[in-house]
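Listed here are the chains, written in short residue letters.
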Amino acid sequence: QVQLVESGGGLVQPGGSLRLSCAASGRTFSSFAMGWFRQAPGKEREFVAAISWGTANTYYADSAKGRFTISKDNAKNTVYLQMNSLKPEDTAVYYCAAAPTLFSSRTATMDYEYAYWGQGTQVTVSS
């Protein structure tokens, strides 16, 4: 029903920037939460940022505030994650996801709310 494809990952030096893209196809809803999560080896998957497809309201993890910006282009069915001032601890596989849920600080930040997931894109921050 909904397919998500991430792109834009790669190797970057500390302090550098990357922009991740998540292209959505299939049926989407104005009520969807679109989220970015990440998972590093040996660690739990964690929330990074989310945006409402319909209203553009956003939520950020504390680790992302001030450095990352989530945005969307409805015409292109694409969600972006602009990552600046990258740190080695940002190294992880980044996943985009779509949640057919009401957009709130609780629902949009919970991975179990998300029904659709992309394949992930590797981000490595290293000298």
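A short tour of the structure in this document, coming up.

Quick notes on the rules
- Residues numbered from 1 in each chain as written.
- Predicted model: local features only at pLDDT ≥ 70, side-chain atom pairs only at ≥ 80, totals over all residues.
- Heavy atoms only, no water.
- Salt bridge = Lys/Arg side-chain N within 4 Å of Asp/Glu carboxyl O.
- Helix = DSSP H or I, 4+ residues; strand = E, 2+ residues; numbered from the N terminus.
- Buried < 20%, exposed > 50% of the residue type's maximum accessible area, 1.4 Å probe, protein only.
- Polar contact = N/O pair within 3.5 Å; in protein donor to acceptor, adjacent residues only side chain to side chain.
- Contact = heavy atoms within 4.5 Å.
- Phe/Tyr/Trp six-rings, centres within 6.5 Å; stacked < 30°, edge-to-face > 60°.
- Lys NZ or Arg CZ within 6 Å of the ring centre and 35° of its normal.
- Lys, Arg positive; Asp, Glu negative; His and termini not counted.
- Pairing = 2+ DSSP bridges.

Considering the pattern of salt bridges
Piece 1. Per the counting criterion, the structure on display carries 5 salt bridges.
Piece 2. Two residues, Asp90 and Arg38, come together in a salt bridge whose shortest N-O distance is 2.9 Å. Here Arg38 lies in strand 4 (residues 33-39) and Asp90 lies in the loop between strand 8 (78-83) and strand 9 (92-99), a separation of 52 residues in the sequence. Summarising the burial analysis for this pair, Asp90 and Arg38 share the class buried.
Piece 3. Bridged by salt links that share partners, the residues Arg38, Glu46, Arg67 and Asp90 form one connected network.

Considerations on the side chain of Arg67
Piece 1. Along the chain, Arg67 falls in the loop between strand 6 (58-60) and strand 7 (68-73).
Piece 2. Judged by its relative accessible area of 12%, Arg67 falls in the buried class.
Piece 3. Here the side chain of Arg67 touches Ser85 through a polar contact of 3.0 Å, landing on its backbone oxygen.
Piece 4. Each residue touching Arg67, except ones within four places of it in the same chain, is listed here: Gln82, Met83, Asn84, Ser85, Leu86, Lys87 and Asp90.

Considerations on the packing of aromatic side chains
Piece 1. Tallied over the entire structure, the rule returns 7 aromatic pairs.
Piece 2. Taking 5.7 Å as the distance between ring centres and 70° as the angle between the ring planes, the aromatic pair formed by Phe37 and Phe47 counts as edge-to-face. Of this pair, Phe37 sits in strand 4 while Phe47 sits in strand 5 (residues 46-52), placing them 10 residues apart in sequence. No difference in accessibility class separates Phe37 from Phe47, as the two residues are buried.
Piece 3. Ring plane angle 25° and centroid distance 5.0 Å describe the contact between Tyr59 and Phe103, whose orientation is recorded as stacked. With Tyr59 in strand 6 and Phe103 in the loop between strand 9 and strand 10 (116-117), this pair connects stretches of sequence that are 44 residues apart.
Piece 4. For Tyr59, a relative accessible area of 28% translates into the label partly exposed.
Piece 5. Among the aromatic side chains, those forming a connected cluster through ring pairs are Phe37, Phe47, Tyr95, Tyr114 and Trp117.
Piece 6. Sitting over the ring of Trp117, Arg45 keeps its end group 4.2 Å from the ring centre.

Things to note about the side chain of Glu6
Piece 1. Among the structural elements, Glu6 can be located in strand 1 (residues 2-7).
Piece 2. Arg45 provides the closest opposite charge to the buried, unpaired Glu6, separated from it by 9.3 Å.
Piece 3. There is a polar contact of 2.8 Å between the side chain of Glu6 and the backbone nitrogen of Cys96.
Piece 4. Among the polar contacts made by the side chain of Glu6, one reaches the main-chain amide nitrogen of Gly120 at a distance of 2.9 Å.
Piece 5. In this structure Glu6 touches Ser21, Cys22, Trp36, Tyr94, Tyr95, Cys96, Gly118, Gln119, Gly120 and Thr121, once residues within four positions along its chain are discounted.

Some details on the pairing of strand 9
Piece 1. Among the 8 residues in strand 9, 6 count as buried, and that is most of the element.
Piece 2. The pairing of strand 4 with strand 9 spans 7 bridges and is classified as antiparallel. Looking at strand 9, one finds that Gln39 is bridged to Val93.
Piece 3. In this structure, strand 9 lies alongside strand 11 (residues 121-125), joined through 3 bridges in antiparallel fashion. Residue pairing across strands places Val93 opposite Gln122, the latter belonging to strand 11.

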